Amino acid sequence: MKYFRSHAFVLIPLLALAGCALAGPSATRPTGGAAGGVPVLAWHGFADSAGTRPGSLTESYAAFEEMIVFLRENGFRSAFPEEVRAGADASARQVILTFDDGTAGQMRAAEILERHGFRGIFFVIPTRTGSNDGFLGADDLERLARAGHRVAAHGWQHRSLPGSGTEVAASLARSPTTLGERAQPTAKYDFAFPFGHYTDYIAEALAGGYRYLHTVNPGYWDGRSPLLPRMLIMAGVKPALFREYVLAGRHYRPTLEPLTPDGAVAGRIAFRAHGPVPDGLELFAITADASGRSYVSNPLGDLARVAGDTVWVDLAGYMARHYPPGRAVISYALVTRENGEMRYASPGLLNWTGDPIEAFRPAPPPARPDSAAAPGTD
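Enquirer: Honestly, the confidence of the model for the protein in this entry has me stumped. Any pointers?
Expert: Regions with low pLDDT should not have their predicted coordinates read in detail. Of the residues in the protein, 83% have a pLDDT of 70 or more, and the chain-wide mean is 85. Below pLDDT 50 for its whole length, residues 26-30 participates in 16 contacts with residues either more than four positions away or in separate chains. With pLDDT under 50 throughout, residues 366-378 is counted as low confidence; its partners more than four residues away or in other chains account for 1 contact.

The structure is reproduced here in structure tokens:
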């Protein structure tokens, strides 16, 4: 509980706002059982033509429609989380479609969805709606709701939650009220973490106000956890990766159960193996590596150790090996290869290898030349 005590100023007011004992996300998640997981996709901005700069979150309308047509032709139908029954019927292909930031161009994307019989969840930033600065307005939100889409909160001012207690408090108390007035009464159903950032304690607090918490961790949703993984559509990543991801959902059956809390600060993380430990474990992450690439998979090799039915992963060592100095957070899953295709051995997770508060503290100004040689002086 050391982490909780050192950051109590963030969470104490949040628990009061929740107004109840929080069930909260579980530190571990069920594994095994019926095969099959639900793919969840996330888009951001749209344009008539989009570049190929790695990491760009702007998609062309043509590429977006190609993906929607691909889903329709492969028998998928869109669903909201409460409609999902993962693994219940392998022939009933479901996909959850989400959109972040509430940019004005998403109205045209919504029209494309409707043309093909799909619905989406539109995560908007409450303080930016109606700003006439490239974001959806109140009339747009009401039109989305009338068309059968869902409008939900993406924070309050879109600040990283671990670095802003006021952002967490406003996300709990103000965001659902604002969106409920403007759009629909389902504002407390879904919430998307700004930048995908959270800690285990923040996720627990938010679970007291929302049913479903959307991350940007890679993977499939099991239909039970309050934390939903989402695959961000971005430039610099081959579309085939996302299409293969969608089609492989029927094979999802993770055998590694996380023992380290999702969202926790941990240099080493542990998993319990249900059955033989998979060979050739790799770590697959959305977080951009030292070369700026996302959705990169690297073998764990000597960074993984097995003790009985427990797999220990040196996450700090992995970050030092593959990521730039100072990177303190990673969204990832453990995977294996089967006949050349990627299979998820664990659920999607987020962990910090450094203090989340320090990660967002402004850097000190550079020292003056006349003081640089005098450490310890003001």
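Still more ground to cover, so stick around.
Enquirer: Teacher, can you tell me more about unusual backbone geometry here?
Expert: Comment: phi is negative for the bulk of residues other than glycine, and the bulk of peptide bonds are trans. Phi is positive for H158, close to 60°, though the residue is something other than glycine. Phi at Y295 is positive, roughly 55°, even though this residue is not glycine. Take Y295: it is sitting in the loop between strand 14 (282-285) and strand 15 (296-299).

Enquirer: Got a minute to help me understand the nonpolar core in this structure?
Expert: Side chains that are nonpolar tend, in soluble globular proteins, to be buried together. Residues L41, W43, L71 and L97 are the most contacted members of the largest nonpolar core, which totals 62 residues. When residues of this core are assigned to their parent elements, the largest contribution, 6 residues, is made by helix 3 (residues 61-73). Ignoring anything within four residues of it in the chain, the contact list for L71 reads L41, F76, V95, L97, F118 and V246. The next biggest cluster of nonpolar side chains, apart from the first, holds 22 residues, and it includes I269, L283, A304 and V313.

Enquirer: How should I be thinking about the sheet that holds strand 17 (residues 310-314) in this particular structure?
Expert: Strand pairing in a sheet relies on backbone hydrogen bonds, with the paired strands running either antiparallel or parallel. Read from one edge of the open sheet, 4 strands run 12-13-17-16, paired in antiparallel fashion. Looking at which strands have only one partner, the edges of the open sheet turn out to be strand 12 (256-258) and strand 16 (304-307). Averaged over all pairs of adjacent strands, the angle between their axes in this sheet comes to 30°, without regard to strand direction. One ladder, built from 3 bridges, connects strand 12 with strand 13 (residues 268-273); its direction is antiparallel. Bridge pairing in strand 13 places E257 opposite R272. Sheet strands touched by helix 10 (residues 315-322): strand 13 and strand 17. Its angle to strand 17, the strand with the most contacts, is close to 40°.

Enquirer: How should I be thinking about the packing of aromatic side chains in this particular structure?
Expert: The relative placement of two aromatic rings is captured by the distance of their centres and the angle of their planes. The full count for this structure, using the stated rule, is 19 aromatic pairs. Note on Y212 and W221: the rings are 5.9 Å apart at their centroids and 85° apart in plane angle, and the pair reads as edge-to-face. When the ring of Y220 is compared with that of Y252, the centres are 5.2 Å apart and the planes differ by 45°; the resulting orientation is tilted. With a gap of 32 residues between them, Y220 in the loop between strand 9 (212-214) and strand 10 (227-228) and Y252 in the loop between helix 9 (239-247) and strand 12 connect regions that are remote in the sequence. Given the relative accessible area of 6%, Y220 is considered buried. Through a chain of ring-to-ring contacts, the aromatic side chains of Y220, F242, Y245, Y252, F284, Y295 and Y344 assemble into a single cluster. Directly above the aromatic system of F80 lies the positively charged group of R119, at a separation of 4.4 Å from the ring centroid.

Enquirer: Teacher, can you tell me more about the environment of V124 here?
Expert: Mapped onto the elements of the fold, V124 is located in strand 6 (residues 121-124). Between the alpha carbons of V124 and A153 there is a distance of 5.4 Å; along the sequence they are 29 residues apart. Once residues within four sequence positions are removed from consideration, V124 is found in contact with D101, G102, T129, L136, L141, V151, A152, A153, H154 and L179.

Enquirer: It is not clear to me how the environment of L232 should be interpreted in this structure. Could you clarify?
Expert: With respect to the element layout, L232 can be found in strand 11 (residues 231-232). Residues L232 and F242, spaced 10 residues apart in sequence, show a C-alpha to C-alpha distance of 9.1 Å. In this view, L232 contacts A42, H44, V216, F242, I286 and Y295; residues no more than four positions away in its chain are not counted.

Enquirer: Is there a simple way to explain the pattern of salt bridges in this structure?
Expert: Where charged atoms from two side chains of opposite charge approach closely, those side chains can pair. Applying the stated criterion across every chain yields a total of 14 salt bridges. Where E282 meets R337, a salt bridge forms, and the shortest distance between an N and an O atom there is 3.3 Å. One end of the pair, E282, is in strand 14; the other, R337, is in strand 18 (residues 329-338), with 55 residues separating them in the sequence. When its relative accessible area of 43% is taken as the criterion, R337 is described as partly exposed. Its salt-bridge partner being E341, residue R343 comes within 3.0 Å of it at the nearest N-O pair. Given a relative accessible area of 13%, R343 falls into the buried group. Since its relative accessible area comes to 43%, E341 is described here as partly exposed.

Calculation notes
Residues numbered from 1 in each chain as written. Predicted model: local features only at pLDDT ≥ 70, side-chain atom pairs only at ≥ 80, totals over all residues. Heavy atoms only, no water. pLDDT = per-residue confidence, 0-100. Contact = heavy atoms within 4.5 Å. Helix = DSSP H or I, 4+ residues; strand = E, 2+ residues; numbered from the N terminus. Core = buried A, V, L, I, M, F, W, Y, C linked by side-chain atoms within 4.5 Å. Buried < 20%, exposed > 50% of the residue type's maximum accessible area, 1.4 Å probe, protein only. Pairing = 2+ DSSP bridges. Axes fitted to C-alpha atoms, helices over the stretch in contact; angles between N-to-C directions. Phe/Tyr/Trp six-rings, centres within 6.5 Å; stacked < 30°, edge-to-face > 60°. Lys NZ or Arg CZ within 6 Å of the ring centre and 35° of its normal. Salt bridge = Lys/Arg side-chain N within 4 Å of Asp/Glu carboxyl O.

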